[in-house]
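What follows is each chain in one-letter form.
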Amino acid sequence: MTTNLQRRASAFRHTRDARAREVGEDYVEMIGDLIAEFGEARLTDLAEHMGVAAPTASKVVRRLQDEGLVQNRPYRSLFLTPAGEALADSSRARHAIVRDFLKALGVTQAVADTDSEGMEHHVSDETLTAMQKFIAG
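Residues numbered from 1 in each chain as written. Predicted model: local features only at pLDDT ≥ 70, side-chain atom pairs only at ≥ 80, totals over all residues. Heavy atoms only, no water.

Caption draft 1: Structural detail: the overall build of the protein. Scanning the protein from N- to C-terminus turns up six helices and two strands. Each helix and strand of the protein, placed in order from N terminus to C terminus, yields the pattern α-α-α-β-β-α-α-α. For the protein, the spread of C-alpha atoms along the principal axes amounts to about 55 × 35 × 25 Å. By the burial criterion, 32% of the 137 residues in the protein qualify as buried. Taking the intrachain contacts of the protein between residues at least 6 apart in sequence as the baseline, contacts between residues at least 24 apart amount to 54%. Here the protein displays about 8600 Å² of accessible surface, and carbon together with sulfur accounts for 54% of that area. (Helix = DSSP H or I, 4+ residues; strand = E, 2+ residues; numbered from the N terminus. Buried < 20%, exposed > 50% of the residue type's maximum accessible area, 1.4 Å probe, protein only. Contact = heavy atoms within 4.5 Å. Areas by Shrake-Rupley, 256 points an atom, 1.4 Å probe, with all protein chains shown as cover.)

Caption draft 2: Looking closely at the environment of V23. You can see V23 is positioned in helix α1 (residues 4-38). Look at V23 and you get partly exposed, because its relative accessible area is 37%. Along the primary structure V23 and R63 are separated by 40 residues, whereas in three dimensions their C-alpha atoms are 11 Å apart. Setting aside residues up to four positions removed in sequence, V23 forms contacts with V60 and R63.

Caption draft 3: Region of interest: the environment of R94. Its location among the elements puts R94 in helix α4 (residues 82-104). Excluding anything up to four places from it in sequence, R94 contacts E120, V123, S124, D125 and L128. Within the structure, R94 has its side chain in polar contact with the backbone oxygen of E120 (distance 3.0 Å). Within the structure, the side chain of R94 is placed 2.9 Å from the side chain of D125, a separation counted as a polar contact. (Polar contact = N/O pair within 3.5 Å; in protein donor to acceptor, adjacent residues only side chain to side chain.)

Caption draft 4: View of helix α3 (residues 54-66). With 13 residues, α3 extends 18 Å from end C-alpha to end C-alpha; this agrees with the ideal 18 Å at 1.5 Å per step. Once α3 ends, the next one or two residues include G68, with phi positive near 75 degrees. (Expected span 1.5 Å × (residues − 1).)

Caption draft 5: Highlighting the nonpolar core. If you look at the biggest cluster of nonpolar residues, it comprises 17 residues, and the most contacted ones within it are I31, L46, L64, V70 and L78. For this core, the secondary structure elements donating two or more residues are α1, α2 (43-50), α3 and β2 (78-80). Among the elements that line this core, the one with the most residues is α1, at five residues. Counting residues in hydrophobic clusters, the runner-up holds eight residues, among them I97, F101, A112 and M131. (Core = buried A, V, L, I, M, F, W, Y, C linked by side-chain atoms within 4.5 Å.)

Caption draft 6: A look at a nonpolar patch on the surface. Together, L105, F134 and I135 give the surface a local cluster of nonpolar side chains, amounting to about 280 Å² of exposed area. Mapped onto the elements of the fold, I135 is located in helix α6 (residues 125-136). (Patch = residues over 30% accessible without salt bridge, like charges linked within 9 Å, V, L, I, M, F, W, Y side chains within 5 Å. Salt bridge = Lys/Arg side-chain N within 4 Å of Asp/Glu carboxyl O.)

Structure representation (structure tokens):
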């Protein structure tokens, strides 16, 4: 039998795991967005758009390279691997569902844009499905 304390502990673990994934997913999504808008994703542009110093962005990019999501060639831009592209697409889709759900609740566009950023990392697939059903009416 699962106690209330065990359920809460499980929820805390889920939230910590989501936070750990959140930064990487945001970086992968931003790299994809930079490539789509400018044709390339330079580390300096990534750092600027993420609001961090270049060494911080470089550290995250190295981790993403180790995870097989990003490739970096000397004196070249950053590139997403197929796994990185899939992750960026998934993150964008999750973000859109959460944003559209908030808008369907009557939240303004500006607030829905802001609030949905980050929320997509923390909701379960079950919750996303329920949000989609709600949006569809």
